[in-house]
Amino acid sequence: MHFNELNLSQEIITAVEELGFLEMTDIQKESIPLLMQGADVVGRSNTGTGKTAAFGIPAVESITEADRKSVAVLILCPTRELAMQACEEIRKFAKYKRIVKTTAIYGGASMERQIMELKRGANIVIGTPGRVMDHIRRRTLKLDKLRTVILDEADEMLNMGFREDIEAILSEIPEERQTVLFSATMPPEILAITEKYQREPVHIKIKSAQKTVESVKQFYFMVAMGRKTDALKLLLKAYSLEAVMVFCNTKKMVDELTEELVKSGIHAAGLHGDMKQIQRTQVMNSFKSKAITVLVATDVAARGIDVSGIDAVFNYDIPQDNEYYIHRIGRTGRAGHDGTAYTLITNRRQQYELKDIAKYVKADITELPLPEKADIIALKKDELVKNIAQMPSVQENCSDILDKLASMGIDYREIALRLINERLQKEIAGLPEFDMPKPLKKGKKSGAKTVKIDINIGRNKRIAPNFILGALVDATGMSGQDFGKIDIFDNHTTVEIPEDETDYILESTNSLKINGNKVEIKLYKGNSVSEKKSRKTEKQFKPDRRKSAYGNRKKADVFNDYIPNRRKRIKKRH
Ligand code: ADP
Ligand code: MG
């Protein structure tokens, strides 16, 4: 069904045609006519299905000469980016309808400017709940003439703790109004809002994400613990991707990963809720303009962000929610283009979680082996061949250099080789190694010969066995069971390891950090008598006794035992 089959004004049809929209999406087909009749609607449909137009087009259509000086439509969005994005898109629908004035109001930006724009007679206002409430309180946003309120991504707004603000706003506006709600999921809290604030709402549910997800090829990689960042760098290099989104579960991880990627010369930037608005806008603009190729983001910050032409999505962390997975991979493969989604997982448990996700999205998520360095070099060589073959031929201007070099006895072939090699080295510089010998045997054979390694960090740095073991497992990809007794002394720690893994362990831990401290690890040579004696007082820790060490207590409590400060803080609070 085409947009011109609806009863839309010519101004809007022209604008929509200019945007290249041909067919309406399902959610648009169902909701636009209802919204134009003034019905209360609850719309459920997945990300990337054109919900902004579904409510934006009727909103623009509804504005008349009478709305010149008052707000007629209020749209609430969970984040500043979404508010800005919705505002931009709605402005495009209103391109030929002069009386429509849209403005976006959100936190982290100048209040004065927003007040000015509101005063200039905005009739469609798009905002985040907190800032909208602010303006209502200051009486800089008057909603007494409001006809329609739209909650976009309602579930996410509730997740973000906007419930009170939303309810306050809904109680503030005229009762005679149209209330519209769009949400990807329908938890009880949403139903409660629906029942309380909507009148005989029509429920529209567009079936499942499959349509959006179908165009996305989905893969996963098994990566040794602690090597996800390296794996990601390798993959970014291997696939020569130009626009990539990487998802992490926490803001901290976004910051850390971004820093790591930037250090390796990748044009990456992070996006999360703790960043100032101006930074976030800058990041989004650089990503859109391709100055930044890798956008590292949290789920909330990236929710609904619509950038076209994203080649691939990486789940650096496995998403905490199946719906998040759909939202994440929906960033690629938009509007009929193909996209690819990769998930990095480090253990069996995550493999099961991913199986669950695959079932939920009804798609195959296939395991791929990490490319080896040699594969990448071969790939880069192929690319170089193509690149050089495509270069325009050079007539003059540098031939004098060539002649000079030749007169120095360096022949043409040698010159060419040197230059080509330089380019190749640039391409493959800093590629992480994944072809290190992996430990051969799994699990500690009883009776196998053991030796000890010595780590130059101990009680002085408030180190606990858990930290040591975790870091070793992370760095080596071996299992906790492979390591033996851990003895912590004042300023060093010894760990029992299987003798035949010594070289591997020393090699893979050579730039190890434990609890933020860079450490040095050596083979342990002999224990002094005094140490032996004092060892009775050490906390002794055997990984295979971990379970009983925790007993019925939560793991976090056990960790707290080793962090005096945190313990104190917790005590104080109670
Ligand atoms: P959602 O809010 O459901 O995640 P958006 O409203 O952000 O989706 O729309 C996703 C993309 O699809 C946008 O780039 C939008 O311009 C485009 N789009 C929306 N409707 C259509 C349509 N009928 N035809 C083509 N593209 C569309
Ligand atoms: Mg949206």
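A. Inspection of the overall build of the protein chain at higher detail. Counting secondary structure elements, the protein chain contains 25 helices and 21 strands. Buried positions account for 49% of the 574 residues belonging to the protein chain. Taking all contacts inside the protein chain whose residues are at least 6 apart in sequence as the whole, residues at least 24 apart take part in 75%. With the model as given, the accessible surface of the protein chain reaches about 30400 Å², and the carbon-plus-sulfur share is 50%.

B. Region of the structure containing the environment of proline 187. Along the chain, the position of proline 187 falls in the loop between strand E6 (178–183) and helix H9 (188–197). For proline 187, a relative accessible area of 25% corresponds to the partly exposed category. A C-alpha to C-alpha distance of 7.4 Å links proline 187 and aspartate 155, two positions 32 residues apart in sequence.

C. Representation of the sheet that holds strand E11 (residues 294–297) within the structure. Pairing in this open sheet of seven strands is parallel, and the strands run E10-E11-E9-E12-E13-E8-E14 from one edge to the other. Whereas interior strands pair on both sides, the edge strands pair on one side only; in this sheet they are strand E10 (268–271) and strand E14 (366–367). Note: strand E9 (residues 244–247) against strand E12 (residues 312–315), four bridges, orientation parallel. From the neighbouring strand, methionine 245 faces E12, where its bridge partner is valine 313. This element, helix H12 (residues 251–263), spans E9, E10 and E11 of the sheet and lies at about 170° to E10. On the sheet, helix H13 (residues 277–288) packs against E9, E10 and E11 and is oriented at approximately 135° with respect to E10.

D. Broad picture of the side chain of threonine 49. Here threonine 49 lies in the loop between strand E1 (41–44) and helix H3 (51–62). A polar contact of 2.4 Å, which involves the side chain of threonine 49, links it to the side chain of serine 45.

E. Seen up close, the site of ligand 1. The local shell around ligand 1 holds 16 residues, among which Glu23, Gln28, Gly48, Thr52 and Asp306 are the closest. A distance of 2.8 Å separates a nitrogen atom of ligand 1 from a polar atom in the side chain of glutamine 28. Glutamate 89 places a polar side-chain atom, nitrogen or oxygen, 3.2 Å from an oxygen atom of ligand 1. Relative to its unbound accessible surface of 570 Å², ligand 1 loses 83% to contact with the protein. The class makeup of the residues in the shell around ligand 1 is three nonpolar, eight polar and five charged.

F. View of the sheet that holds E6. Taken in spatial order, the seven strands line up as E3-E4-E2-E5-E6-E1-E7 in an open sheet, and their pairing is parallel. At either margin of the open sheet sits one strand with a lone partner, and together these are strand E3 (102–105) and strand E7 (202–205). Looking at each pair of strands side by side, their axes are set apart by 15° on average, direction ignored.

G. How the structure looks around the pairing of E9. Judged by which residues are buried, E9 turns out to be covered on both faces: Val244 and Val246 on one side and Met245 and Phe247 on the other are all buried. Bridge count for E9 against E11 is four bridges, and the pairing is parallel. By the bridge assignment, phenylalanine 247 is partnered in E11 with alanine 297.

H. Structural context of the pairing of E3. Both faces of E3 are covered, namely the face carrying Thr102 and Ala104 and the face carrying Thr103 and Ile105. Pairing geometry for E3 and strand E4 (residues 124–127), over four bridges, is parallel. Bridged to threonine 103 within E4 is valine 125. Handedness of the crossover joining E3 and E4 through helix H5 (residues 111–119) is recorded here as right-handed.

I. Broad picture of H3. The terminal C-alpha atoms of H3 lie 17 Å apart, and with 12 residues this matches the ideal 16 Å at 1.5 Å per residue to within 8%. The buried fraction of H3 amounts to 10 of the 12 residues, a majority that puts the element mostly inside the structure. Taken residue by residue, H3 has Lys51, Ala53, Ala54, Phe55, Gly56, Ile57, Pro58, Ala59, Val60 and Glu61 as its buried positions.

J. Broad picture of the confidence of the model for the protein chain. Confidence in the prediction of the protein chain, expressed as mean pLDDT, is 83, and 87% of residues score 70 or more. Under a pLDDT of 50 for its full length, residues 436–444 has, in the predicted model, 18 contacts with residues more than four places off or in other chains. Here residues 528–574 is modelled with pLDDT under 50, and outside its nearest four sequence neighbours on either side it reaches 54 contacts, counting other chains as well.

Conventions we followed
Going along each chain's sequence as written, the residues are numbered from 1 onward. Whichever chain is written first is A, and whichever ligand is written first is 1; the rest continue in order. Per-residue local features of the predicted model are confined to residues with pLDDT of at least 70, and side-chain atom pairs are confined, for both listing and counting, to 80 or more; whole-chain, interface and lining totals are unaffected and use all residues. The side-chain values count all of the structure's non-hydrogen atoms but skip hydrogen atoms and water molecules. The secondary structure listing takes helices from DSSP runs of H or I that are at least 4 residues long and strands from runs of E that are at least 2 residues long, numbered from the N terminus. We call a residue buried when its accessible area falls under 20% of the maximum for its residue type, exposed when it is over 50%, and partly exposed in between, using a 1.4 Å probe and counting protein chains only. Contact between two residues is taken to exist if any of their heavy atoms lie within 4.5 Å; hydrogens are not considered. The protein chains shown are the only cover counted for residues, whose accessible areas, like all others here, come from Shrake-Rupley with a 1.4 Å probe. One bridge is not enough; two strands pair if DSSP finds at least two bridges between them. Helix axes are fitted only over the stretch in contact, all axes being lines through C-alpha atoms; the angle between N-to-C directions runs from 0 to 180 degrees. Any pair of N or O atoms that falls within 3.5 Å is considered a polar contact. Within protein, one atom must be able to donate a hydrogen and the other to accept it, and sequence-neighbouring residues count only if both atoms are side-chain atoms. Throughout, the term near means that a residue has one or more heavy atoms lying within 4 Å of the molecule or strand in question. Under the grouping applied here, Gly and all other residues not named as nonpolar or charged are polar, the nonpolar ones being Ala, Val, Leu, Ile, Met, Phe, Trp, Tyr, Cys and Pro and the charged ones Asp, Glu, Lys and Arg. By convention a crossover is right-handed if, when the strands point away from the viewer, the path from the first strand over the helix to the second runs clockwise. Given the number of residues in a helix, its expected span is that number minus one, multiplied by 1.5 Å. The predictor rates its confidence in each residue with pLDDT, a number between 0 and 100.

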